[in-house]
Amino acid sequence: SPTVLVDMTTGQRVAHWAELDAPIESTPARQALFLRPGQRLASGHRYAAAITKRVRAKDGGELPVPPGFAALRDNTTTSHALLEAMRPRFAETLAALATAGVPTEDLVVAWDFTVASDAYVHADMIAARDRAIEALATHPIAYAIQSDTPEDGVIIKRKLEGTLDAPLILTNGGADNPGTTVARDGAGLPAVQGFYQIPFDAIVPACAYTSPTPVPMVIYGHGLLGSSNEATGGVQRTTASELCMVFVGTDLRGMSSMDVPAVARALNEMSKANEVFDVIQQGFVNYITLVQAMRTTFTTQLFLDGTKKLVDPTKVYYYGISQGAIMGAGAMAYEPTVTRLALAVGGANYSILLERSLDWPTYKTILQGAYPDPLDVALAIGLFQMRWDKTEGSGISHVITQGTPTGTPPKQVLMQIALGDEQVPNQGSWWQARTMNVPILGPTPLEPWGIAVQPSPLASGSALVIMDGGAPPPPATNVPPEDFKMHNLTRNQPAARRQIGDFFRTGQIVNHCNGACVCPENCD
């Protein structure tokens, strides 16, 4: 490989790909070269990275060796304090590369870095979760109903909108004002500031009223900068009815509709990033609170037919689509009771996903307006990713099926994705599946590199399911594909909904397509 990543802790080379920042091709002097690992790097490990002389300039000539690197390589003393500070450890970097088969004379440049530890990445959310649950233990979970509307009675019987008391870990009373971020104690950890009201929406399928036994409940994760009412609209109504499960949703603060102004502020001024990335922790607390309400007061007081309980509080599952899948992995990795997650058209990490998504150009316009240098844009995305690691799947995908590192039971994860997804790129789905070390359910229309295929059915465990709606392969570079409407493919397939129902009820992952899932022909 002309570019190299070496785990200095184990001595192993790391599978990765290198790519130029494709949208900046016309200004090559400001064009970044990205080295992207094929899965999450190991927590706390030190890595050596290198660009060798086999990487050529645009005209085919050799790349110049940076003078700072040459000084370190040749043991030439300089007056540059930061460069000299690197010198004591730099020999270890060169030695690790040489041991991996990359001699110093083949290098254009090399450097090292250390991946954040799990203890650091998980600390905020573990503290926020535990303190929120402690607060809930002494505070009855109160709710108020704004509307309780009878529906058609054939598919959906009731549609509800309300508010719920949740522990607050934000400043400014949780208002969506400039400057609102996580309130922290003297140790720098999230601290509960009392309670505030969060929205919730729910639909009760008609079958819940005729079922001989109480039905399960599903917490629904909404899409990009969406809101809780997505749980009650669109294809979710069909899904709730076919699964015969009550759907309930709330806002993921930090990345909900009310947070759009904060997102714009952070893109326009990176020092305001706390108003987005820290606030997502409150979004996770909202989900944790909602699950507790579903298991207690919603079961005993809200979802009733007269005095008959309609729902089973021991059967609560998670279903997230798009952002609800991306962020749902993180939210449920810290939720202490839900153990089965269906993640539709999701993936990780955002530094891979953003520029390959049709959603990105709108937000990129804001970022470029404030930071016109393309290298600053590339740097901003990398810095944002370091903040997202505390909440999205990038920080927990490697441990979510184990549970223990985040203080929860092991989780079972069903990932459903569509080839050529124009909003959540497949590269991020492959990255997450490799990081989770889960197989693809066979038969499959595609076998991505580095992910094993296991035939249906899987009696237990987690899996990735790939559906093919006929879209051509997406661009290999970091640009969005054309819109072939693949992002909505999985949720609209009867086979996908049956698969989710089986998974929630039994823990098995079964192929309900007629062979490989080429849709819609054999996905009914």
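What counts as what
Residues numbered from 1 in each chain as written. Predicted model: local features only at pLDDT ≥ 70, side-chain atom pairs only at ≥ 80, totals over all residues. Heavy atoms only, no water. Helix = DSSP H or I, 4+ residues; strand = E, 2+ residues; numbered from the N terminus. Rg over C-alpha atoms; globule rule 2.2 N^0.38 Å. Contact = heavy atoms within 4.5 Å. Areas by Shrake-Rupley, 256 points an atom, 1.4 Å probe, with all protein chains shown as cover. Lys, Arg positive; Asp, Glu negative; His and termini not counted. Charge placed at Lys NZ, Arg CZ, Asp CG, Glu CD. Phe/Tyr/Trp six-rings, centres within 6.5 Å; stacked < 30°, edge-to-face > 60°. Buried < 20%, exposed > 50% of the residue type's maximum accessible area, 1.4 Å probe, protein only. Salt bridge = Lys/Arg side-chain N within 4 Å of Asp/Glu carboxyl O. Pairing = 2+ DSSP bridges. Axes fitted to C-alpha atoms, helices over the stretch in contact; angles between N-to-C directions. Core = buried A, V, L, I, M, F, W, Y, C linked by side-chain atoms within 4.5 Å. Right-handed = clockwise from strand over helix to strand, strands pointing away. Expected span 1.5 Å × (residues − 1). Parallel < 35°, antiparallel > 145°, perpendicular 65-115°, else oblique. Left-handed = near helix turned anticlockwise from the far one by under 90°. Nonpolar A, V, L, I, M, F, W, Y, C, P; charged D, E, K, R; others polar. Disulfide = S-S within 2.5 Å.

Undergrad: So what exactly am I meant to see when it comes to the overall build of the chain here?
TA: Along its length, the chain carries 15 helices and 18 strands. For the chain, the C-alpha radius of gyration of 24 Å lies close to 24 Å, the compact-globule estimate for 524 residues. Along the longest, intermediate and shortest principal axes, the C-alpha atoms of the chain span 85 × 55 × 40 Å. Expressed as a percentage of contacts within the chain between residues at least 6 apart in sequence, the contacts between residues at least 24 apart total 72%. Looking at the chain as shown, the accessible area adds up to about 20400 Å², and 56% of this sits on carbon and sulfur atoms. Averaging the positions of the 38 positive and the 49 negative side-chain charges in the chain gives two centres separated by 3 Å.

Undergrad: What is the right way to look at the environment of A293 in this model?
TA: Checked against the element boundaries, A293 lands in helix α8 (residues 280-295). Separated by 127 residues in sequence, A293 and A166 place their C-alpha atoms 9.7 Å apart. In contact with A293, not counting residues within four places along its chain, are I141, L164, F298 and T299.

Undergrad: What should I look at first to understand the packing of aromatic side chains in this one?
TA: Here the distance between the centres and the angle between the planes together describe a pair of aromatic rings. Scanning the entire structure with this criterion turns up 14 aromatic pairs. Seen in terms of ring centroids, Y143 and F298 are 5.5 Å apart; in terms of plane orientation they differ by 90°. Their pairing is edge-to-face. Residue Y143 is found in strand β6 (residues 143-150), and its partner F298 is found in helix α9 (residues 297-302); the two are separated by 155 residues along the sequence. Here Y143 falls in the partly exposed class, since its relative accessible area comes to 25%.

Undergrad: Any chance you could explain the side chain of D468 here in plain terms?
TA: Residue placement: D468 occurs in the loop between β18 (463-467) and α15 (494-506). It turns out D468 is buried and unbridged, and the closest side chain with the opposite charge, R491, is 16 Å from it. Beyond its immediate stretch of four places on either side in the chain, D468 contacts L419, P445, L489, C517, V518 and C519.

Undergrad: Would you mind showing me how to read the sheet that holds strand β1 (residues 3-7) here?
TA: Backbone-to-backbone hydrogen bonds pair the strands of a sheet. The strands run either parallel or antiparallel. Read from one edge to the other, the open sheet built from 3 strands follows the order β1-β4-β5, with strand pairing classed as antiparallel. The open sheet has two edge strands, β1 and β5 (107-114), and neither has a second partner. Adjacent strand axes in the sheet meet at a mean angle of 15°, parallel and antiparallel pairs treated alike. Of the strands in this sheet, β1, β4 (46-52) and β5 touch helix α2 (residues 81-99), which is tilted by about 110° from β5.

Undergrad: Looking at this structure, how should I read the pattern of salt bridges?
TA: Between side chains of opposite charge, pairing is possible as soon as their charged atoms come close. In total, this model carries 21 salt bridges according to the counting rule given. The salt bridge involving R87 is made with E84; its shortest N-O contact spans 2.9 Å. Pair noted here: R87 and E84 are both in helix α2, with a separation of 3 residues, about one helical turn. You can call E84 partly exposed: its relative accessible area is 22%. In this structure, R497 engages E242 in a salt bridge whose closest nitrogen and oxygen atoms are separated by 2.7 Å.

Undergrad: Please clarify how the nonpolar core should be interpreted in this entry.
TA: It is characteristic of soluble globular proteins that their nonpolar side chains tend to be buried jointly. Counting residues in each nonpolar core, the largest one holds 90 residues, and the members touching the most others are V248, F298, F303 and L464. Excluding anything up to four places from it in sequence, F298 contacts Y143, L164, F200, V248, L290, A293 and F303. If you look at the next biggest cluster of nonpolar residues, it comprises 24 residues, including Y319, L441, V465 and F503.

Undergrad: Sorry if this is basic, but what is going on with the environment of F277 here?
TA: Of note, F277 is situated in helix α7 (residues 274-277). Separated by 152 residues in the primary sequence, F277 and M125 place their C-alpha atoms 12 Å from one another.

Undergrad: Hey, could you run me through the pairing of strand β10 (residues 246-250) in this one?
TA: Successive residues of a regular strand alternate their side chains across the two faces of the sheet. β10 sits mainly inside the fold: 5 of its 5 residues count as buried. A two-sided burial pattern is seen for β10, the buried positions comprising V246, V248 and T250 on one face and F247 and G249 on the other. As paired strands, strand β8 (residues 195-205) and β10 are joined by 4 bridges and run antiparallel to one another. Note that in β10 the partner of I203 across the bridge is F247. Pairing analysis gives 4 bridges linking strand β9 (residues 215-221) to β10, with the strands arranged parallel. The residue of β10 that forms the bridge with I219 is V248. In this view, the connection linking β9 to its parallel neighbour β10 by way of helix α5 (residues 235-243) has right-handed handedness.

Undergrad: Is there a simple way to think about helix α10 (residues 323-334) in this case?
TA: An α-helix turns once every 3.6 residues. As a result, residues three or four positions apart point the same way. Taking 1.5 Å as the rise per residue, α10 with 12 residues should run 16 Å; its terminal C-alpha atoms sit 17 Å apart, in good agreement. Taking burial as the measure, the 12 residues of α10 include 12 buried ones, the bulk of the element. Those residues of α10 that sit buried are Q323, G324, A325, I326, M327, G328, A329, G330, A331, M332, A333 and Y334.

Undergrad: Honestly, the packing of helix α3 (residues 118-137) against α8 in this entry has me stumped. Any pointers?
TA: Packed helices, taken two at a time, are described by their axes: the angle between them and the distance between them. The interhelical angle for the contact between α3 and α8, taken along N-to-C directions, is 40°, at an axis separation of 10 Å. Judged by the inter-axis angle, α3 sits oblique to α8. Crossing hand, α3 versus α8: right-handed. Of the residues in α8, those in contact with D124, M125, A128, R129, A132, I133 and L136 of α3 are Q281, F284, V285, I288, T289 and Q292. Residue classes in the contact of α3 with α8 are distributed as 8 nonpolar, 3 polar and 2 charged.

Undergrad: Explain the packing of α8 against α10 here, please?
TA: Where α8 meets α10, the axes come as close as 9 Å, and the angle between the chain directions of the two elements is 60°. In terms of their interaxial angle, α8 and α10 are classed as oblique. At the point where α8 passes α10, the crossing takes the right-handed sense. Side by side, α8 and α10 meet where I280, F284, Y287 and I288 of the first sit next to M327, G330, A331, M332 and Y334 of the second. Looking at the contact of α8 with α10, its residues break down into 8 nonpolar, 1 polar and no charged.

Undergrad: Mind showing me how you'd approach the state of the cysteines here?
TA: Disulfides are covalent bonds that connect the sulfur atoms of two cysteines. All told, the structure shown has 3 disulfides when counted by the stated rule. C207 shares a disulfide with C244; S-S distance 2.2 Å. Since a negative S-S torsion denotes a left-handed disulfide, the C207-C244 link at about 130° is right-handed. Pair noted here: C207 is in helix α4 (residues 207-210) and C244 is in the loop between α5 and β10, with a separation of 37 residues, a long-range link. Taken individually, C207 and C244 each receive the classification buried, so the pair is uniform in this respect. Counting its disulfide-bonded cysteines in sequence order, the chain shows a connectivity of 1-2, 3-4, 5-6.

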